[in-house]
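For reference, the chains in residue letters:
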Amino acid sequence: MCVTCGCSDGAEITVTNLQTGKVESMAHEHVLPDGTVILHAHDAHEHPDREHHHIHDYHHHSTAEVHARVHHTTVSVEQNLLAKNDLLAAGNRGWLRGRKSIALNLVSSPGSGKTTLLTRTIQDLKDRLPISVIEGDQATANDAKRIEETGCKVVQINTGTGCHLEAAMVEKGLQELDPPMNSIIMIENVGNLVCPALFDLGENAKVVILSVTEGEDKPIKYPHMFRASTVMILTKTDLLPYVNFSVDRCIEYARQVNPDIEIFQVSATTGERLENWYDWLMNSV
């Protein structure tokens, strides 16, 4: 569960290997009122006395005391969950290093054009660079099927109500993918510019994707994501004549929160400036 937003509590997480048709459910974490983290939502029913005890205790404290205790518990649980996630992420990073491969965490708002850019990239580079994909969505395998049509190996992770991927999900995805040596694994995260910034998946870099059909002020509205990203790709540039979007102002905002961010302006539809992005990918492995 993400303690920050409360997502994925009780959600069923599934991993689908589109090559084999194998579908597997992953255990999820559930947090009890006392901060105990357990697996599977139904496990909470095994501790009815403990849960009742803590709820009963709260009735004997002032509102301020209860708020303080809840805040302390929330912070402690979040720290524990992120620490566990970071440990698994380090394991993923080591696993990739052993295969002389890298992973890129593609993050964006919904509808930015991540999948379109990804499929175009795979098609254009398939004879030059081995690419595999871990596709993250709350539901359906629609995007994974689009990617599979390119001939690329892809694993679908459905997060249910979850708004982001986590390192444990990526670990399972890597096992299912079994990518070749000296390759790139593209992790297409769930569309969200908030929580994915907090979760290290074991990637070598976050790549934030922003389309010209969105607000040019996204970098300063969601600074943590743009600060955490190594690359920003400004997509759908072929639509610039038809939208009210200042590229210069957007880049200025991005540099304001992250002076070192590398920026590419591309159109996956026309192919405009994609070679700059491809050169960066080729030099990354």
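Per-chain numbering applies: the sequence of each chain, read as written, is numbered from 1 onward. Local features in this predicted model are restricted to residues whose pLDDT is 70 or higher, and side-chain atom pairs enter the listing and the counts only when it is 80 or higher, whereas totals over whole chains, interfaces and linings include all residues. Heavy atoms throughout the structure, all of them, feed into the side-chain values; hydrogens and water do not.

Going by an unreviewed UniProt entry, the protein carries the name Hydrogenase nickel incorporation protein HypB and comes from Pannus brasiliensis CCIBt3594.

Looking now at helix α5 (residues 167-177). Only protein chains enter the calculation, and the probe is 1.4 Å; a residue is then buried if its accessible area is under 20% of its type maximum, exposed if over 50%, and partly exposed in between. A helix here means a DSSP run of H or I that spans at least four residues, while a strand means a run of E at least two residues long, and both kinds are numbered starting from the N terminus. Burial within α5 is extensive, with eight of its 11 residues counted as buried. Regarding α5, the residues found buried are Ala167, Met169, Val170, Lys172, Gly173, Leu174, Glu176 and Leu177. In the segment just after α5, Asp178 is the residue with positive phi, at about 50 degrees.

By convention here, two paired aromatic rings are described through the distance between centres and the angle between planes. Pairing of aromatic rings covers Phe, Tyr and the six-membered ring of Trp, with a centre-to-centre limit of 6.5 Å; geometry is then stacked below 30 degrees between planes, edge-to-face above 60, and tilted otherwise. Under the criterion given, the structure shown has two aromatic pairs. When the centroid spacing of 5.8 Å and the interplanar angle of 10 degrees are considered together, the rings of Trp277 and Trp280 count as stacked. A residue pair is termed a helical-turn pair when its members lie 3 or 4 positions apart in one helix, as Trp277 and Trp280 do in helix α9 (residues 274-282) at three residues. Owing to a relative accessible area of 16%, Trp280 belongs among the buried residues under this scheme. A network of ring pairs unites the aromatic residues Phe264, Trp277 and Trp280 as a single cluster.

Moving on to unusual backbone geometry. Of note, Lys100 is a non-glycine position whose phi angle comes to about 55 degrees, a positive value. Counting through the fold element by element, Lys100 comes out in the loop between α2 (63-98) and β5 (102-108). Take Lys100: its relative accessible area is 56%, and that puts it in the exposed class. Unusually for a residue other than glycine, Lys236 sits at a positive phi of about 60 degrees. Positionally, Lys236 belongs in the loop between β10 (231-235) and α8 (247-257).

The next subject is the sheet that holds strand β2 (residues 23-26). The rule for pairing is simple: two strands pair if DSSP sees at least two bridges between them. One open sheet holds the nine strands; their spatial order is β2-β1-β7-β6-β8-β5-β9-β10-β11, and the pairing between them is mixed. The open sheet has two free edges, formed respectively by β2 and β11 (262-265), since each of these has just one partner strand. The sheet shows a mean angle of 20 degrees between the axes of neighbouring strands, direction not considered. The pairing of strand β6 (residues 131-137) with strand β7 (residues 153-158) spans six bridges and is parallel. Across the sheet, the residue bridging to Glu135 is Gln156, located in β7. Pairs of residues are marked as contacts when any of their non-hydrogen atoms sit within 4.5 Å. Angles run from 0 to 180 degrees between N-to-C directions of axes, and those axes are lines fitted to C-alpha atoms, restricted for helices to the stretch in contact. The strands touched by α5 within the sheet are β1 (13-17), β2, β6, β7 and β8 (184-188), with β7 carrying the most contacts at an inclination of about 150 degrees. Taken strand by strand, α8 contacts β9 (205-211), β10 and β11, and its axis lies near 160 degrees from that of β11.

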